[in-house]
Amino acid sequence: MSGSPWRLALARLRRNRGAMASAVMLCVIVAASVAAPLYADHVAHTDPFASNVNGTTTVDGREVDVVAPNASGLGSTPIGPTLEGRYFLGADAQGRDVAARMLYGGRSSLQIALIAAVLTALIATVLGIVAGLAGGWIDAIISRFLDLIWAFPVYLLAISLATVLLVQGIELGPITVDASSLWLPAVIIGLIYVPYLARPVRGETLSLRRQEFVEAAIAQGASNPRLVFGELLPNVAPVIIVFLPLIVATNILTESALSYLSIGVQAPNASWGTIVQDGQGLLYTRPWVSIAPGILIVLTVLALNVIGDGVQDALDPRGRIRGRRRTLRRGAVA
Amino acid sequence: MIAFTARRLASAVLVMLALSVLVFLIFFATPGIDPARQMAGKNPTPETIAAIEAEFGLDRPLPVQYLKMMDRLVVSRDLESYSNRGAEILPQIARAAPVTLSLVLGAAILWVVLSVAIGVAAAVLRGRIWDPLLMAIALIGMSMPVFWLGQVANLFTQDRWHDTVLFSWVPPLGYTPLTEDPVLWFKHLVIPWITLAILYIGFYSRVLRAALIETESQDFVRTARAKGISERRVLVRHTLRTSMIGFVSLFGLDLGALVAGGALLTEVVFGLPGVGRLTYRALANLDLPVIMATVLYGAFFVVLMNALVDVLYARLDPRIREA
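Residues numbered from 1 in each chain as written. Chains lettered and ligands numbered in written order. Predicted model: local features only at pLDDT ≥ 70, side-chain atom pairs only at ≥ 80, totals over all residues. Heavy atoms only, no water.

Q: I tried to follow the overall build of chain B on my own but got confused; where do I start?
A: Helix and strand counts for chain B come out as 14 helices and 0 strands. For chain B, the succession of helices and strands along the chain, N to C, is α-α-α-α-α-α-α-α-α-α-α-α-α-α. Projected onto its principal axes, the C-alpha coordinates of chain B cover approximately 85 × 60 × 35 Å. Buried residues in chain B amount to 49% of all 323 residues. In chain B, the share of contacts with a sequence separation of at least 24, taken over all contacts with a separation of at least 6, comes to 69%. Accessible surface computed for chain B: about 15800 Å², of which carbon and sulfur atoms make up 64%. For chain B, the distance from the average site of its 28 positive side-chain charges to the average site of its 24 negative ones is 11 Å. (Helix = DSSP H or I, 4+ residues; strand = E, 2+ residues; numbered from the N terminus. Buried < 20%, exposed > 50% of the residue type's maximum accessible area, 1.4 Å probe, protein only. Contact = heavy atoms within 4.5 Å. Areas by Shrake-Rupley, 256 points an atom, 1.4 Å probe, with all protein chains shown as cover. Lys, Arg positive; Asp, Glu negative; His and termini not counted. Charge placed at Lys NZ, Arg CZ, Asp CG, Glu CD.)

Here it is in structure tokens:
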């Protein structure tokens, strides 16, 4: 019954060459990140999380220091890109292999963005459908709460929560999230974007409730679960799916910003944002430490944006959701 | 209309109040956050902590602490920093605000002019190679993290190409007030302006192009053409004017967020002592009064701009007033 519009949308998406090319690029980045341990073990032959300040490596058959003291005698400079398997992109100030860290960093960044997006989608769907269906004071409370979070500048909310929760993690009854765990930034990012999706879901639920097929179901005495899972969810789903690629893209930018400010992913873990931050002090001597992970952020976000546009055109050809999707961009941190 | 405006402003005030409570709770009621211990330095004795708690009223119940802080922030306006004892906060914000304003207004001029030009060009050149090309570039601009773009800009203008004619005029990172040396002020801000604007040009040109194409298919545009008005006039007087409504409201919201300190990353990466960097430093030191002050300062602009945009919309479209 609901198969054919979905199949139609999928066919439309398949014909979108830009979206397909972006999907391939995204798959390559994801695969490379997943293969991070393989790269570290078999190509770089190093542990990208252990400091290696006093180590040496072989370049063109010669033994060189990974972190060499400067000629002036003040400070030291890590090795630059080598075109060898080891230290392909050079080392950071602690002598760690940047290429291997970048792949591991991709794991963190992608994981956080994805977990946060799923979290946003779950909470927003529940809140939006409950508010839209229940109406009355339940709707009033949920809506006012969403309005409040909406009015809180999103970057301020993110860094406020991150700063506070980093002190000792989250302890809520049975749920504990360690301060150094990847779940912490994922939960924070997942929460702050809830209103941007919950409001459109609520709006969609409200407009669905006025339609004949839903009124018919109610008149037939359909139970609430039957109404939600049988009638509402399948029709709200396109709104959520259209938002998802954009939410993941925004999440990656937000995570990298938090990590750049040292309030995202915590050591010894790495993410693309923390590596850009590591490279800040080496910017003029070893620029690749900062530039390389940034390029991966740009490529990933770009791919997700193109896919997002493709999904939007496929599922929502008349552009009903487009205007609402735009508000999410306000979340991006500058 | 007046009733709507009054109602909207009243709700904005309520939202501000609720936000101040929320921010207060985040920083004072989260377990593990102990400002007294933070101020006491390393290995404090319980007596020192108790003395600090008494001095700053941190031993009082939370509602009292909240009211006291709001009183010193809004009424007597002498709220002081915790980590920088005796430093009043409002003068700090007053010093930082012009820096942020300089950064944001310059960038805003750049991004509005360029995104209108690009958006119109893409819409007019629809069906030719220029349209997808411009839109692809716009999408890349949208996808860059600003702190990274700032670092790349610094790499070339401060180091790699600094000795070439192209960038030899770029001063070291930092800021000079407009009143002190207008030329140096300008030189300091050019690269941050461009960096911040690139982020927004992509988004705004895409929004404008989409709006132009949508308006293009509407009846009044066809009527205007049928009356024999020149293409140029149709574009400027009819299509563009209608398409700018969404653009302007987005612009209001973004401008509010940026003036509020939303350009935090840009300020940090270029070493500009604005409101965003002040907030960031306060957060790093867990300097709660400064955080309260800057977050509320930020929320004020965001809430105000939200209200203004709503009122503007209601003026343009009477249907909204009744809802």
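Additional details are given in the paragraphs that follow.
Q: Help me out: how do you make sense of the interface of chain A and chain B in this one?
A: Reports often express the size of an interface as the amount of accessible area lost when the parts come together. If you look at the interface, chain A gives 46 residues, while chain B gives 58 residues. Of the roughly 4400 Å² buried between chain A and chain B on both sides combined, carbon and sulfur atoms contribute 73%. At the junction of chain A and chain B, the tally comes to 1 salt bridge. In this structure, Asp309(A) engages Arg206(B) in a salt bridge whose closest nitrogen and oxygen atoms are separated by 2.3 Å. Across the chain A-chain B interface, the total number found is 8 residue pairs in polar contact (both at pLDDT 80 or more). (Buried area = accessible area lost by both parts, 1.4 Å probe. Salt bridge = Lys/Arg side-chain N within 4 Å of Asp/Glu carboxyl O. Polar contact = N/O pair within 3.5 Å; in protein donor to acceptor, adjacent residues only side chain to side chain.)

Q: So what exactly am I meant to see when it comes to helix 12 (residues 275-284) of chain B here?
A: Residues and elements named next belong to chain B. Along helix 12, 7 of the 10 residues are buried, which leaves the element largely enclosed by surrounding structure. Listed as buried for helix 12 are Val275, Gly276, Arg277, Leu278, Thr279, Ala282 and Leu283. Note on helix 12: the residue one or two positions beyond its end, Leu286, has a positive phi of about 50°.

Q: Is there a simple way to think about the pairing of strand 1 (residues 56-59) of chain A in this case?
A: Each regular strand shows side chains that alternate between the opposite faces of the sheet. By the alternation rule, side chains of strand 1 of chain A split into Thr57(A) and Val59(A), which are all buried, and Thr56(A) and Thr58(A), of which none is buried. Here strand 1 of chain A folds back onto strand 2 (residues 62-65) of chain A in antiparallel fashion, the turn holding 2 residues, of which Asp60(A) has a positive phi close to 50°. (Pairing = 2+ DSSP bridges.)

Q: What's the story with the packing of aromatic side chains in this structure? I'm lost.
A: Here the distance between the centres and the angle between the planes together describe a pair of aromatic rings. One pass over the structure, following the stated rule, counts 17 aromatic pairs over all chains. Ring centres of Phe300(B) and Phe301(B) lie 5.5 Å apart, and the angle between their planes is 75°; on these two criteria the pair is classed as edge-to-face. An aromatic cluster is built from Trp111(B), Tyr200(B), Phe203(B), Tyr204(B), Phe247(B) and Phe251(B), whose rings are joined through pairwise contacts. In this arrangement the basic side chain of Arg199(A) is found over the ring face of Trp150(A), its NZ or CZ atom lying 3.8 Å from the centre. (Phe/Tyr/Trp six-rings, centres within 6.5 Å; stacked < 30°, edge-to-face > 60°. Lys NZ or Arg CZ within 6 Å of the ring centre and 35° of its normal.)

Q: I'm lost on the pattern of salt bridges in this one. Help?
A: Side-chain pairs of opposite charge can arise whenever the charged atoms involved come near each other. Residues and elements named next belong to chain B. Within the structure shown, the criterion is met by 16 salt bridges over all chains. Here Asp310 and Arg8 are joined by a salt bridge, their closest N and O atoms 2.6 Å apart. With Asp310 in helix 13 (residues 288-316) and Arg8 in helix 1 (residues 2-28), this pair connects stretches of sequence that are 302 residues apart. The partner of Arg209 in a salt bridge is Asp131, and the shortest N-O contact between them spans 2.7 Å.

Q: Looking at this structure, how should I read the nonpolar core?
A: A general feature of soluble globular proteins is that nonpolar side chains tend to end up buried together. Core analysis: the biggest nonpolar cluster contains 135 residues, and Phe27(B), Phe28(B) and Trp111(B) have the highest contact counts within it. Of the residues forming this core, the biggest block, 16 residues, is contributed by helix 8 (residues 182-216) of chain B. In contact with Phe28(B), other than residues within four places in its own chain, are Leu58(B), Leu62(B), Gln65(B), Met69(B), Tyr82(B), Leu288(B) and Met292(B). If you look at the next biggest cluster of nonpolar residues, it comprises 61 residues, including Ala100(A), Leu227(A), Leu282(A) and Ala314(A). (Core = buried A, V, L, I, M, F, W, Y, C linked by side-chain atoms within 4.5 Å.)

Q: For this particular structure, what's the right way to read the pairing of strand 2 of chain A?
A: Bridge count between strand 1 of chain A and strand 2 of chain A: 4 bridges; the pairing is antiparallel. Considered in strand 2 of chain A, the bridge of Thr58(A) is made with Glu63(A).

Q: So what exactly am I meant to see when it comes to the packing of helix 12 of chain B against helix 13 of chain B here?
A: Packed helices, taken two at a time, are described by their axes: the angle between them and the distance between them. Residues and elements named next belong to chain B. At their nearest, the axes of helix 12 and helix 13 sit 9 Å apart, and the two run at 145° to each other. For the element pair helix 12 and helix 13, the recorded crossing hand is left-handed. For the pair formed by helix 12 and helix 13, the contact residues are Val275, Leu278, Thr279, Ala282 and Leu283 on the first element and Val290, Ile291, Thr294 and Tyr297 on the second. Among the residues forming the contact of helix 12 with helix 13, the class breakdown is 7 nonpolar, 2 polar and no charged. (Axes fitted to C-alpha atoms, helices over the stretch in contact; angles between N-to-C directions. Left-handed = near helix turned anticlockwise from the far one by under 90°. Nonpolar A, V, L, I, M, F, W, Y, C, P; charged D, E, K, R; others polar.)

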